[in-house]
Amino acid sequence: MSNSPTADAKTGTKANPANVSRKTVDWQKIGLAVLAPLLAIAVAVVITSLVLLISGDPIGPVWKVFLSTPAEGMPATILNDTAVLYLSGAAVAIGFRMNLFNIGVDGQYRVGMFAAAWFAGNAWLPGPLNVIVAIVVAMIAAAFWAWIAGILKVKRGVSEVISTIMLNSIATGLVAWLLTRTATSVEGSNATSTKRIPESSHVPALPFWNTDFSNVFGLSLLAVVVGVLYWFVLGRTRFGFDLRTTGSSETAAVASGINVKKMTLTAMVISGAVAGLIGMPQLFGNDYAYGTNSQAGLGFAGIAVALIGRNHPVGIAFGAFLWAFLNAQSNSLQINAGVSPALVNIIQGIMVLAVIIAYEIVRRIGVRAERRKVAQQLAATPSPVAAQGASA
């Protein structure tokens with residue numbers, strides 16, 4: 001068979017077979033993808049500056065603080081928070097991709113962390129094996145808590161928003177009660193916690209030696225593992241395709257032979273299992289116990305991180321880092337700019353709104369551009385009636 005150019009049967013023009021399958025770059029799509037985050041940043045900067053102006057706070061010094069290099073020791077804190085927030089954002093995003101609003105990540109994280117701390121604190125297994133099994137226990141406990149909301153949805157049609165919010169409240173009370181039954185007093189404090197995890201089960205920091213990153217939790221690598229699996233499973237497997245299809249259109253999913261109820265329950269359980277990992281870096285890298293002073297609100301922060309990252313594995317990483325960076329700079333605001341650290345909460349809220357607004361604007365621009373493109377193609381294509389008249 002010859003590879004020389006051949007003539008098109010209708011037009012008589014020559015076509016090179018080697019170029020038939022060559023993909024053209026959709027610059028319009030790339031431009032819109034770049035425009036969305038830039039527009040979100042611009043909207044966030046403008047609205048935040050207006051808030052500062054109205055409140056009488058200095059605009060220049062505030063932005064100088066945010067754009068400055070973090071203080072000594074803060075880079076490690078930022079990376080630790082980024083890893084934890086990434087796990088939280090990924091747990092929420094799994095539900096979002098399925099069109100499920102898993103608002104219960106915070107409760108699932110609490111249940112999972114308590115279960116892991118209780119198991120590891122009893123030291124029934126030696127060293128690293130104790131850590132591994134405790135992580136599995138955390139995932140199972142959190143997955144079970146998410147399963148309750150999933151089964152209520154598929155069996156009784158209960159909205160997952162309502163059930164997960166209520167389960168958050170129940171989880172808080174349940175864990176507090178269990179803590180009173182199993183806790184020990186923390187020396188020099190009124191706080192109580194589970195038994196301290198033995199030193200043989202402490203996970204050392206990553207080997208960054210004597211740098212600003214020398215205190216990065218070893219289990220922060222769980223965020224990398226979850227990120228890779230999230231990208232591969234959702235984007236490269238049949239299960240991921242079924243999940244995304246069900247989230248986009250249940251009608252299309254049913255037509256494709258997908259068991260929607262089974263997929264809904266599975267997605268909720270997986271989301272809960274990932275939520276169980278949220279507390280593991282902190283538990284085995286710094287706290288070594290779960291108690292009344294353990295960090296709260298991580299599940300709700302994950303919702304914002306997933307929204308900022310648009311449920312994309314790379315976008316979630318960016319959102320988690322940005323959220324952690326703002327948290328780290330909050331103390332510098334008060335010291336260097338004389339502004340309340342609460343401003344960070346305002347900025348974070350503005351960022352989420354800015355992202356939602358910006359992506360909606362860009363989406364509408366893309367829809368209108370696509371409609372114009374289709375209209376132009378239809379106008380340039382002769383109708384069958386006109387073609388028959390011309391040939392006659």
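Residues numbered from 1 in each chain as written. Predicted model: local features only at pLDDT ≥ 70, side-chain atom pairs only at ≥ 80, totals over all residues. Heavy atoms only, no water.

### A closer look at the overall build of the protein chain
The helix and strand inventory of the protein chain stands at 15 helices and four strands. Taken over 392 residues, the protein chain has a buried fraction of 41%. (Helix = DSSP H or I, 4+ residues; strand = E, 2+ residues; numbered from the N terminus. Buried < 20%, exposed > 50% of the residue type's maximum accessible area, 1.4 Å probe, protein only.)

### Looking at the confidence of the model for the protein chain
Averaged over every residue, the pLDDT of the protein chain is 84; residues scoring 70 or more account for 87%. Of all the helices and strands in the protein chain, strand 1 (residues 6-7) carries the lowest mean pLDDT, 46, while helix 5 (residues 127-156) carries the highest, 96. Counting interchain partners and residues more than four positions distant, the pLDDT-below-50 stretch residues 1-15 has twelve contacts. A low-confidence stretch, residues 17-21 stays under pLDDT 50, and its non-local contacts, those more than four residues away or across chains, total two contacts. (pLDDT = per-residue confidence, 0-100. Contact = heavy atoms within 4.5 Å.)

### Focus: a nonpolar patch on the surface
A grouping of Trp27, Ile30, Val34, Leu38, Ile41 and Val45 is seen on the molecular surface, where their side chains present a nonpolar patch of about 590 Å² in accessible area. Assignment of secondary structure puts isoleucine 30 in helix 1 (residues 27-55). (Patch = residues over 30% accessible without salt bridge, like charges linked within 9 Å, V, L, I, M, F, W, Y side chains within 5 Å. Areas by Shrake-Rupley, 256 points an atom, 1.4 Å probe, with all protein chains shown as cover. Salt bridge = Lys/Arg side-chain N within 4 Å of Asp/Glu carboxyl O.)

### Some words on the pattern of salt bridges
For the coordinates displayed, the defined rule picks out five salt bridges. A salt bridge links aspartate 242 to arginine 238; its shortest N-O distance comes to 2.8 Å. Within this pair, aspartate 242 and its partner arginine 238 are both found in helix 8 (residues 238-248), separated by four residues, close to a single helical turn. With a relative accessible area of 11%, aspartate 242 lands in the buried category.

### Re the packing of helix 3 (residues 74-97) against helix 12 (residues 298-308)
Contact geometry for helix 3 and helix 12: axes closest at 7 Å, N-to-C directions at 70°. In terms of their interaxial angle, helix 3 and helix 12 are classed as roughly perpendicular. Relative to helix 12, the crossing made by helix 3 is right-handed. Residues Val84, Leu85, Ser88, Gly89, Val92, Ala93 and Phe96 of helix 3 pack against Leu298, Gly299, Ala301, Gly302, Ile303, Val305, Ala306 and Leu307 of helix 12. Classifying every residue of the contact of helix 3 with helix 12 by side-chain character gives eleven nonpolar, four polar and no charged. (Axes fitted to C-alpha atoms, helices over the stretch in contact; angles between N-to-C directions. Parallel < 35°, antiparallel > 145°, perpendicular 65-115°, else oblique. Left-handed = near helix turned anticlockwise from the far one by under 90°. Nonpolar A, V, L, I, M, F, W, Y, C, P; charged D, E, K, R; others polar.)

### What about unusual backbone geometry?
If a residue is not glycine, its phi is most likely negative; likewise, a peptide bond is most likely trans. A positive phi angle, near 55°, is found at alanine 123, a position not held by glycine. For alanine 123, a relative accessible area of 37% corresponds to the partly exposed category. The phi torsion at tyrosine 288 lies on the positive side, around 60°, for a residue other than glycine. Locating tyrosine 288 in the fold gives a position in the loop between helix 11 (280-287) and helix 12.

### Some points on the packing of helix 5 against helix 10 (residues 260-275)
The contact between helix 5 and helix 10 brings their axes to 7 Å, and the two run at 150°. In this view, helix 5 runs roughly antiparallel relative to helix 10, as classed from their interaxial angle. In terms of crossing hand, the pair formed by helix 5 and helix 10 is right-handed. Residues Met139, Ala142, Ala143, Ala146, Trp147, Gly150, Ile151, Lys153 and Val154 of helix 5 form the contact with helix 10, whose own contacting residues are Lys261, Thr264, Leu265, Met268, Val269, Gly272, Ala273 and Ala275.

### Focus on the packing of aromatic side chains
Under the definition given, this model contains eight aromatic pairs. Arranged with centres 5.5 Å apart and planes meeting at 65°, the rings of phenylalanine 96 and phenylalanine 101 form a pair that is edge-to-face. Each ring, one from phenylalanine 144 and one from tryptophan 147, has its centre 5.9 Å from the other, and the planes form 20°; the classification is stacked. Of the two residues, phenylalanine 144 and tryptophan 147 both sit in helix 5, three residues apart, roughly one turn of that helix. According to the relative accessible area criterion, tryptophan 147 is partly exposed, its value standing at 35%. An aromatic cluster is present here, built from Trp118, Phe119 and Trp124 joined pairwise through their rings. The ring of tyrosine 359 carries arginine 310 above its face, with NZ or CZ at 4.3 Å from the centroid. (Phe/Tyr/Trp six-rings, centres within 6.5 Å; stacked < 30°, edge-to-face > 60°. Lys NZ or Arg CZ within 6 Å of the ring centre and 35° of its normal.)

### Some points on the nonpolar core
With 82 residues, the main nonpolar core has Ile278, Met280, Leu283, Phe284 and Trp323 as its most contacted residues. Per element, the largest residue contribution to this core is twelve residues, and it comes from helix 3. Beyond its immediate chain neighbours, meaning those up to four positions away, phenylalanine 284 contacts Ala120, Val131, Ala134, Ile135, Ile197, Ser201, His202, Val203 and Leu219. Counting residues in each nonpolar core, the second largest holds ten residues, with Met98, Leu100, Ala253 and Val260 among its members. (Core = buried A, V, L, I, M, F, W, Y, C linked by side-chain atoms within 4.5 Å.)

### Examining the side chain of arginine 110
Summarising the element assignment, arginine 110 is placed in helix 4 (residues 105-122). Sequence-distant contacts of arginine 110, that is, excluding residues within four places in its chain, are made with Thr172, Val175, Tyr290 and Ala296.

### Some words on helix 6 (residues 160-182)
Counted at 1.5 Å a residue, the expected span for helix 6 with its 23 residues is 33 Å, and the 31 Å between its end C-alpha atoms agrees. Within the sequence span of helix 6, burial applies to Glu160, Ser163, Thr164, Leu167, Asn168, Ala171, Val175 and Leu179. Those residues of helix 6 that are buried lie in contact with helix 4, helix 5, strand 4 (192-193), helix 10 and helix 12. (Expected span 1.5 Å × (residues − 1).)

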